[in-house]
Structures are given as structure tokens and as C-alpha cells.
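Descriptive structure summary
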Amino acid sequence: MDIFKLIFHHDIVFDDHSGREDTHKQKEVSTTLEQFMKPMPTYVKYYFSGTRLTDTPQFGLSTLNDYQQILESLGTVFKNQSLWGPEGKIENGLAERLQKASAHEAFLIGNGGDEYDHEQLQLTEQTGIREKLQTIVPLLDKGILFLATEKAHHGIDLHLFARDNFYESFFNTFKPLTQSPDLRYFSINGKRVGSEKSFYFETWTLNRPPHGFEEVTPEAVLR
């Protein structure tokens, strides 16, 4: 049995990520009404994960029997946008490239991805997404998406950051996967994932998932 998890975080506000050096010992904080009323930019994050439930569970999106189909479905959402990686523009498509990906690889989705130093975006065991926010967020502000592979116990998961909300597209694009009797698809509010135990809910309470963990069925519709 494949358990596919789409974990979403909406309306994220990042702390100061400008990377500008402060030339004073203390930052001068402006309290003008104009700045106070200025809305803070918000972002979205999606985490794609999965578990292959067998006698010995396998953890990681790439362990699923339906991994290829999941990647192809993800690719359809961005079929009209360019994909960029450390090797430059990727012509063979998102699904084929991610099938070959290893942990800690980073990609850009959108026009203009060739304008950035992709070597500066790549992750390592010691350097995660948090350490790259000063580089990533300005890209998001220009409408470019940041996609990265994350090391899982037995494979890889996927992280996606954006300014625009793609939840409805993801919900509908992945829903046909539920026609398979060997896959269950859960849409999960990331604010409800407060511990490792809740993240791996499928190992102990699959049929009574926690609040905010909604199973998507073939008949499901967005409310």
C-alpha cells in the first residue's frame, strides 16, 4: 500500500532575509505609519512525501510504486514553465529529471532561471533550505519556484516554495491517483504536523488520522 502525503503550509511570513549587512551596531527600526501598514509578503510551501506500507515500511516519496505517476502529475502543473538545474535548462521534463535526482538537489521552475547561479542554490547535508533563504526568497518574489529534493529514510521527498498558491491545482492533479486500490492520498495542513509521530501517522493510526489530515478520495471536492 502506498501512502502519498501532500503537506501544505500557506501564508508563511519569513523573517528578514535580505542579507544586507547592518553597518551600525544596532538596527534602526522605523515606526512610520506607512511601513506599519505595509502588508508583509507571504509565501507557500509544499512537502511531498510518502510511505510504502509493507511488513518493513519504506519511508520516502521515491519508494512508492506510483512515484513515476506522481512526478508526471506534478509535471503537468508546470508543463508550460521551464525547469532549471545545476546543469542548466532541463529539456527532458520534470518527471524524467527527478527520477534520476538524489538528495539535496535544487531546481528552479519558471522563466529566467538561467539568470541565477545554481551552484549557490544547491543543498548539502550541512546546508539546508533555511540557510539558503536569503537567496531563495528574492527568486520567489519574481515568480520563480524553488524545488528541492529532501533526504528521507529510504529515498527522497520533495520540497516546493512559491509565492502563488498551487493547492487547488495539486489537489485536482493528484486526485486520479486515488483510483488505484494500492494508494491512499492525504492532504495535510502542515500546522498540524507537530511531531515526528504525527508526520508518520500512517504507521499507527492510518484509519483514524489526526485532525487536519484529510484523505482525498475519488469523490472528494474542495470546499
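What comes next concerns the included structure. Every value quoted in this text rests on a predicted model; they were computed, and no experiment measured them. Every chain begins its residue count from 1, and numbering advances along the sequence as written. Reporting in this predicted model follows two pLDDT cut-offs: at least 70 for local features of residues, and 80 or more for side-chain atom pairs to be given and counted; totals over whole chains, interfaces and linings ignore these cut-offs and use all residues. Processing note: side-chain calculations cover all non-hydrogen atoms of the structure and skip hydrogens and water entirely.

**A closer look at the overall build of the chain**
Rules: Secondary structure elements follow DSSP: runs of H or I no shorter than four residues count as helices, runs of E no shorter than two count as strands, and numbering proceeds from the N terminus. Three exposure classes are used, based on accessible area relative to the maximum for each residue type with a 1.4 Å probe and protein chains only: buried under 20%, partly exposed in between, and exposed over 50%. In what follows, a contact means two residues having at least one pair of non-hydrogen atoms within 4.5 Å. All accessibility values rest on the Shrake-Rupley procedure with a 1.4 Å probe; residue burial counts only the protein chains present in the view.
In terms of helices and strands, the chain carries six helices and ten strands. In the chain, buried positions account for 47% of the 223 residues. Within the chain, counting contacts between residues at least 6 apart in sequence, those at least 24 apart form 70% of the total. Roughly 13,000 Å² of accessible area belongs to the chain as shown, and the carbon and sulfur atoms make up 46% of that amount.

**Considerations on helix α5 (residues 167–174)**
As a reminder of what qualifies: Comment: arc refers to directions from the helix axis out to C-beta atoms.
When α5 is considered as a whole, its buried residues turn out to be Tyr167, Phe170, Phe171 and Phe174. The arc enclosing the buried residues of α5, seen along the axis, measures out at 100°, which places them on a common side. At its buried positions, α5 is contacted by β1 (2–12), β2 (43–52), α2 (67–77), β8 (156–162), β9 (183–189) and β10 (213–216).

**Remarks on the pattern of salt bridges**
Defined as follows: Counted as salt bridges are all cases of a side-chain nitrogen of Lys or Arg within 4 Å of a carboxyl oxygen of Asp or Glu.
Tallying each qualifying case throughout the model produces eight salt bridges. Here Lys5 ties to Glu202 by a salt bridge, and the two come within 3.0 Å at their closest N and O atoms. One end of the pair, Lys5, is in strand β1; the other, Glu202, is in the loop between α6 (196–199) and β10, with 197 residues separating them in the sequence. For Glu202, a relative accessible area of 4% translates into the label buried.

**Focus: the side chain of Ser198**
We apply this condition: Distance and chemistry together define a polar contact, namely a pair of N or O atoms within 3.5 Å, with one atom able to donate a hydrogen and the other to accept it when in protein, and with adjacent residues in sequence counting only for side-chain atoms on both sides.
By secondary structure assignment, the location of Ser198 is in helix α6. A polar atom in the side chain of Ser198 sits 2.8 Å from the backbone oxygen of Ser195. Discounting residues that sit within four places of it in the chain, Ser198 has contacts with Arg192, Val193 and Phe213.

**Topic: the layout of surface pockets**
Short version of the rule: A pocket here means an open set of points on a 1 Å grid, computed over the protein atoms alone, that has protein on both sides within 12 Å along at least five of seven lines. A cavity is instead a set of points where a 1.4 Å probe fits but cannot get out; residues with an atom within 4 Å of a point line either one. Grid points are joined across faces, edges and corners, and a volume is the space filled by probe spheres set on the points. Classification used: nonpolar for Ala, Val, Leu, Ile, Met, Phe, Trp, Tyr, Cys and Pro, charged for Asp, Glu, Lys and Arg, polar for all others including Gly.
The volume enclosed by the second largest pocket comes to roughly 370 Å³. Of all elements in the fold, only α5, β9 and β10 reach the threshold of two or more residues within the lining of the second largest pocket. When residues in the lining of the second largest pocket are grouped by element, the largest group, three residues, is from β10. Taken together, the residues of the lining of the second largest pocket sort by class into seven nonpolar, three polar and three charged.

**So, the pairing of β2**
Heads up, the condition is: A pair of strands counts as paired when DSSP detects no fewer than two bridges linking them.
Judged by how many residues are buried, β2 sits mostly within the fold: nine of ten residues are covered. Relative to β2, β1 runs antiparallel, the two sharing nine bridges. Looking across to β2, one finds that Ile7 is bridged to Tyr47. The sheet contact formed by β2 and β8 spans five bridges and is antiparallel. Looking across to β8, one finds that Lys45 is bridged to Phe161. In terms of strand pairing, β2 meets strand β3 (residues 58–59) through two bridges, oriented antiparallel.

**Thoughts on the packing of aromatic side chains**
Definition in use: In this analysis, rings of Phe, Tyr and Trp, with Trp reduced to its six-membered ring, are considered paired at centre separations within 6.5 Å, and the interplanar angle assigns stacked below 30 degrees, edge-to-face beyond 60, and tilted for intermediate values. Each ring is checked for a lysine NZ or an arginine CZ that lies within 6 Å of its centre and within 35 degrees of its normal; such an atom marks a charge sitting over the ring.
Under the criterion given, the structure shown has 19 aromatic pairs. Each ring, one from Phe48 and one from Phe174, has its centre 6.0 Å from the other, and the planes form 65°; the classification is edge-to-face. Of this pair, Phe48 sits in strand β2 while Phe174 sits in helix α5, and the two are 126 residues apart along the sequence. Exposure class is identical for Phe48 and Phe174. Each is buried. Over the aromatic face of Trp204 sits the side chain of Lys197, whose NZ or CZ is 4.5 Å from the ring centroid.

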